[in-house]
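Tertiary structure, described
Residue strings, one per chain:
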Amino acid sequence: MLTLRNLTAKIDRKIILDGVTQTFRKKKIYAIMGPNGSGKSTLARIVMGDPTFSLTRTSELKLSGKSIKNKDADERAHLGIFLSMQSPLAIPGVTVFSLLRAATQETGITAKELKTKMDQYASDLKIPAELLTRSLNDGFSGGERKKMEVLQMAVLNPQYIFLDEIDTGVDVDALKTIAQFLKKHLKETDKTLVMITHYNRILKYLTPDVTLIIKDGAIVKRGDAELAKMIEKKGFDSI
Ligand code: ADP
Ligand code: MG
């Protein structure tokens, strides 16, 4: 269980998150929606430990009851939190394999086992083998970058999966591939999936148990999958 309590974040004295309280439970799927600039990405980045933002003293962030507020992103990743960023960066000179090799060093997985796993997931995600040998995300299309994020997530096998606009810039076929892959990945696990999205199309495959609407850095409404559908039809001004 990942618990946020009164999470309030500032940057240069400007409040970007304004008292967010929310529990993310195991085995549940969450959708986070909200207008541009409402604080969705900031929320995910703060959970992951982005030091750009300063949290107020009363802000609480707990994993299974223990505070992770002072842990850095690397430690949080080791504790099972994963974030796929809205705009994954290119890393010239680093292949996805070398990145994953570095990230999984302490797990004892051999290079061969890692490669087998990575190749299998890449094939499931219909990622051309050629992309695995190139510098990560360097010259990749939007859809290719998003698939690469999902590939890394699957190999790292986190407990709490935050996907920031994994469906943005992705064509219909790639979206279906990603959604079906995620569905299979979650099956018979107790993982938590948190999807930040503007569209209901990915939610057709991955039905959210909880939909959260963020406006001006605060959760203004909670609902189920129906709320996400309503938002797509009527927009955020309707709430
Ligand atoms: P969303 O993901 O909902 O579109 P963001 O979380 O990216 O919104 O941004 C929320 C607000 O915080 C926006 O007004 C944005 O300009 C501001 N913001 C985000 N990051 C920074 C930053 N590094 N410096 C200054 N303002 C920022
Ligand atoms: Mg965003």
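Refer to the structure above for everything that follows.
Now for a description of the structure that goes with this document. (Residues numbered from 1 in each chain as written. Chains lettered and ligands numbered in written order. Predicted model: local features only at pLDDT ≥ 70, side-chain atom pairs only at ≥ 80, totals over all residues. Heavy atoms only, no water.)

**Regarding the site of ligand 1**
Around ligand 1, 13 residues are found, and the nearest of them are Gly37, Gly39, Lys40, Ser41 and Thr42. In this structure, Lys14 approaches ligand 1 through a side-chain N or O atom, which is 3.3 Å from an oxygen atom. A distance of 3.1 Å separates an oxygen atom of ligand 1 from a polar atom in the backbone of Ser38. Considering ligand 1 on its own, with 560 Å² of exposed area, one finds that the protein chains cover 62% of that surface. Of all the secondary-structure elements, those providing two or more residues to the shell around ligand 1 are strand 2 (14-24) and helix 1 (40-48). (Near = heavy atom within 4 Å. Polar contact = N/O pair within 3.5 Å; in protein donor to acceptor, adjacent residues only side chain to side chain. Areas by Shrake-Rupley, 256 points an atom, 1.4 Å probe, with all protein chains shown as cover. Helix = DSSP H or I, 4+ residues; strand = E, 2+ residues; numbered from the N terminus.)

**What about the packing of aromatic side chains?**
A full pass over the atoms with the stated rule returns three aromatic pairs. With a centroid separation of 5.5 Å and 80° between ring planes, the pair formed by Phe24 and Phe162 is classed as edge-to-face. With a gap of 138 residues between them, Phe24 in strand 2 and Phe162 in strand 8 (residues 160-164) connect regions that are remote in the sequence. The class for Phe24 is buried, based on a relative accessible area of 0%. A relative accessible area of 3% places Phe162 in the buried class. Ring-pair connections join several aromatic residues into one group, and the members of that group are Phe24, Tyr30 and Phe162. If you follow Arg201 out to its NZ or CZ, it ends over the ring of Tyr199, 5.4 Å from the centre. (Phe/Tyr/Trp six-rings, centres within 6.5 Å; stacked < 30°, edge-to-face > 60°. Buried < 20%, exposed > 50% of the residue type's maximum accessible area, 1.4 Å probe, protein only. Lys NZ or Arg CZ within 6 Å of the ring centre and 35° of its normal.)

**Some remarks on the packing of helix 6 (residues 142-156) against helix 7 (residues 172-186)**
Orientation of helix 6 relative to helix 7, taken along the N-to-C sense of each, is 10°, at an axis distance of 11 Å. By the criterion of interaxial angle, the relationship of helix 6 to helix 7 is roughly parallel. Across the interface between the two elements, Lys146, Lys147, Val150, Met153 and Ala154 of helix 6 pack against Ala174, Thr177, Ile178, Phe181, Leu182 and His185 of helix 7. The residue makeup of the contact of helix 6 with helix 7, split by class, is seven nonpolar, two polar and two charged. (Axes fitted to C-alpha atoms, helices over the stretch in contact; angles between N-to-C directions. Parallel < 35°, antiparallel > 145°, perpendicular 65-115°, else oblique. Contact = heavy atoms within 4.5 Å. Nonpolar A, V, L, I, M, F, W, Y, C, P; charged D, E, K, R; others polar.)

**What about the sheet that holds strand 8?**
Across the sheet, six strands lie side by side as 7-8-9-3-10-11; this open sheet has mixed pairing. Bordering the open sheet on either side are strand 7 (81-84) and strand 11 (218-223), each of which pairs with just one other strand. When the angles between neighbouring strand axes are averaged without regard to direction, this sheet yields 20°. By the bridge criterion, four bridges tie strand 3 (residues 29-33) to strand 10 (residues 210-215) in an arrangement that is parallel. Each bridged residue has a counterpart across the sheet, and for Ile32 the counterpart in strand 10 is Leu212. This element, helix 6, spans strand 7 and strand 8 of the sheet and lies at about 170° to strand 7. Against the sheet, helix 8 (residues 225-234) makes contact with strand 3, strand 10 and strand 11, and its axis sits at roughly 45° relative to strand 10, the strand it touches most. (Pairing = 2+ DSSP bridges.)

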